[in-house]
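Here's the letter readout for the chains.
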Amino acid sequence: MAAPGPAVPRGFLPGGGSGGAPDPLPEPKPLLELIRLKRDGGRLGEADVRAFVGAVADGSAQGAQIGAMLMAIRLRGMDMEETAALTRALAESGQQLEWPEAWQGQLVDKHSTGGVGDKVSLVLAPALAACGCKVPMISGRGLGHTGGTLDKLESIPGFTVIQSPEQMRKLLEQVGCCIVGQSEKLVPADGILYAARDVTATVDSLPLITASILSKKAVEGLSALVVDVKFGEAAVLPSQAQARELAAALVGVGAGLGLRVAAALTAMDTPVGRSVGHALEVEEALLCLDGAGPPDLRDLVTRLGGALLWLNRQAEAQAEGAARVAAALDDGSARGRFERMLAAQGVDPGLARALCSGSPARRRELLPRAREREELRAPADGTVEHIRALPLALVLRELGAGRSRAGEPIRPGVGAELLVGVGQRLRCGAPWLRVHRDGPALSGPQRRVLQGALVLSDRAPFAAPSLFAELVLPPAHGPTDTQK
Ligand code: IUR
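Residues numbered from 1 in each chain as written. Predicted model: local features only at pLDDT ≥ 70, side-chain atom pairs only at ≥ 80, totals over all residues. Heavy atoms only, no water.

## Comments concerning the nonpolar core
Generally speaking, soluble globular proteins have nonpolar side chains that are buried together. Note the cut-off: Definition used in this section: a nonpolar core is a set of buried Ala, Val, Leu, Ile, Met, Phe, Trp, Tyr and Cys residues joined via side-chain atoms within 4.5 Å. Note on exposure labels: buried denotes an accessible area under 20% of the residue type's maximum, exposed denotes more than 50%, and partly exposed covers the range between, all computed with a 1.4 Å probe on protein chains only. Starting at the N terminus, helices and strands are each numbered in turn, a helix being any DSSP run of H or I of at least four residues and a strand any DSSP run of E of at least two. Contacts are assigned to residue pairs that have any heavy atoms within 4.5 Å of one another.
Counting 102 residues, the largest nonpolar core has Ile 156, Val 301, Phe 338 and Leu 342 as its most contacted members. Top element by residues in this core is helix 12 (residues 295–311). It accounts for nine residues. Residues within four places of Ile 156 in sequence aside, it is in contact with Val 282, Phe 338, Leu 342, Val 347, Leu 355 and Leu 367. The next biggest cluster of nonpolar side chains, apart from the first, holds 28 residues, and it includes Leu 392, Leu 396, Ala 401 and Leu 442.

## A closer look at the pattern of salt bridges
Under the convention used in this document: By definition here, a salt bridge exists when the distance from a side-chain nitrogen of Lys or Arg to a carboxyl oxygen of Asp or Glu is within 4 Å.
Counted by the stated rule, this structure contains 38 salt bridges. Linking Arg 434 and Glu 375 is a salt bridge whose minimum nitrogen-to-oxygen distance equals 2.9 Å. Of the two residues, Arg 434 sits in strand 12 (residues 431–437) while Glu 375 sits in strand 8 (residues 372–377), which places them 59 residues apart along the sequence. Judged by relative accessible area, Arg 434 falls into the partly exposed class, the value being 23%.

## Side note on the site of the ligand
For clarity, the cut-off: By convention in these notes, a residue is near a molecule or strand provided one of its non-hydrogen atoms lies within 4 Å of it. What qualifies as a polar contact is a pair of N or O atoms within 3.5 Å, subject to a donor-acceptor requirement within protein and to the restriction that residues adjacent in sequence count only when both atoms come from side chains. Here, Shrake-Rupley sampling with a 1.4 Å probe gives the accessible areas, and only protein chains in the shown set may cover a residue. Site definitions follow a grid-based scheme: protein atoms alone, a 1 Å grid, a 1.4 Å probe that fits but cannot get out for cavities, and for pockets an open set with protein on both sides within 12 Å along at least five of seven lines, plus lining residues having an atom within 4 Å of a point. Molecules are considered to sit inside a cavity or pocket once more than half of their atoms lie within 2 Å of its grid points. Residue type decides the class: Asp, Glu, Lys and Arg count as charged, Ala, Val, Leu, Ile, Met, Phe, Trp, Tyr, Cys and Pro as nonpolar, and the leftover types, Gly among them, as polar.
Inspection of the region around the ligand gives His 111, Ser 112, Thr 113, Leu 143, Tyr 194, Arg 197, Ile 209, Ser 212, Ile 213 and Lys 216 as its neighbouring residues. Within the side chain of His 111, a nitrogen or oxygen atom sits 2.9 Å from an oxygen atom of the ligand. At 2.6 Å, a side-chain N or O of Lys 216 approaches an oxygen atom of the ligand. Protein chains bury 98% of the 280 Å² of accessible surface belonging to the ligand in isolation. Among the cavities detected, the one that contains the ligand is the largest cavity. Every element with two or more residues in the shell around the ligand is listed here: strand 2 (108–112), helix 8 (188–198) and helix 9 (206–218). Considering every element that reaches the shell around the ligand, the biggest residue donor is helix 9, with four residues. Partitioned by chemical class, the residues of the shell around the ligand number four nonpolar, four polar and two charged.

## Overview of the packing of helix 17 (residues 389–401) against helix 18 (residues 444–451)
Keep this limit in mind: Lines fitted to C-alpha atoms define the axes, with helix axes restricted to the stretch in contact, and inter-axis angles between N-to-C directions lie between 0 and 180 degrees. The cut-offs work like this: below 35 degrees is roughly parallel, past 145 is roughly antiparallel, 65 to 115 is roughly perpendicular, and the gaps in between are oblique. In a left-handed crossing the near helix is turned counterclockwise from the far helix by less than a right angle, and in a right-handed crossing that turn is clockwise.
Packing of helix 17 against helix 18 brings their axes to within 8 Å, and their N-to-C directions diverge by 150°. When the axis of helix 17 is compared with that of helix 18, the two are roughly antiparallel. Once helix 17 is placed against helix 18, the crossing between them reads as left-handed. Between helix 17, through Pro 391, Leu 392, Val 395, Glu 398 and Leu 399, and helix 18, the contact on the second element is made entirely by Gln 446, Val 449 and Leu 450. By residue class, the composition of the contact of helix 17 with helix 18 is six nonpolar, one polar and one charged.

## Structural notes on empty space enclosed by the protein
For the record, the criterion: Grid points are joined across faces, edges and corners, and a volume is the space filled by probe spheres set on the points.
Per the counting criterion, the structure on display carries three cavities of 30 Å³ or more. Lining the largest cavity are 27 residues, and of these His 111, Ser 112, Thr 113, Gly 114 and Tyr 194 sit closest to its centre. Tallying contributions element by element places helix 9 first for the lining of the largest cavity, with four residues. The space that makes up the second largest cavity amounts to roughly 50 Å³. Lining the second largest cavity are Ala 279, Leu 280, Glu 283, Arg 364, Pro 368, Arg 369, Ala 370, Arg 373, Gly 413 and His 436. Looking at the lining of the second largest cavity, the element that brings in the most residues is helix 11 (residues 278–289), giving three residues. A class-by-class count of the residues in the lining of the second largest cavity yields four nonpolar, two polar and four charged.

These results come straight from atomic positions and should not be treated as a statement about function.
Given below as structure tokens:
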């Protein structure tokens, strides 16, 4: 269902708006004064925002000052103009990517606000390349309890996420897609703020999320972008209303920057698919690239891809775009692009081939594996109502599948396989979760938290609903889509 075009989001301060008068304060103030201004609820002008981001990028801002400014923004908010200024300043902290004229109209990307078990980017980037798009995806690492696309890809031996702009261009020429990290050349200031937000309880700030995502996309020189805005217990923003506010900001600020952005609201209460954890998620992404795998993952990949092809006017409707993405999964062309992307980003070509054409058992042998498995059993008969992603992710983080401090190494083989899906019947004593761990057996509290993730009911078995809830489009885009 297509939602109406964006209004000014409620979480943003009133008074802003694109196209306003130029910044009246060209002289930047000292950092301390800027922090005080925002702390007291004032507005930062373009020059102020640039001064802050400049100090972040050149290292002159102290960690405490960065944290204080982030918290001031988290508590006081930013209007649309401030958010657009922050987006521009972050984008300009590094290099703008430039592409051949002939690629105009083909450059697209998808970004997610972060989830548990969300391996959509691993599948969608090569699928879109197989549909004729160029996808220069600048992705992120795990944030809080949510997983990161770059960390997942790094579980494949040899995969290199740091690629120069020149290398990215070669990858797009040869493969059609790449998945890379921000670096000293690419939006470096976002890298610093992203890590600082993770340790200062400022991840869930609408303007900070908006600027972080759009700055990375602004340098990619895209013609269309779909952002997967997750809501639910395990999302950065739990409520659908907040997710709508963020969606409106992304679409609105994006339009102000000349970026055609749509936002898909998708549910993040249960994990996406049946696997959580880096290497396990790569295996599941490969299954989806085989044209198989869990239906909820395939549904999300095809709907997001369909929305993007439609937004970029490469399909007449979302459903038509979704069918093209599905065909690329079923005919092996998306998997072929994935194999080429792995080889072009540092994976031994023999390993890339074996991973892409091997059986699931062979893939498991080739990817990092945790030392032990431990199963949890259903405490009663029942139908699976929910498998709560948040407690699952929190325990897996303790076991080494996530970070507690920026830069910490992760254990790529640690994770969990869900042995049942939402809506299925489960017998008392039947295994429902297989934990892959490197360390000692799960502690009593860890088992209790994990068992609390399984929510059973007396209902009859049912078909799990799609995770895709709504699509927020730029006002100029129409006609209204027919697919939900
Ligand atoms: N992805 C990003 O690139 N930035 C963010 O702030 C979030 C997700 I949340």
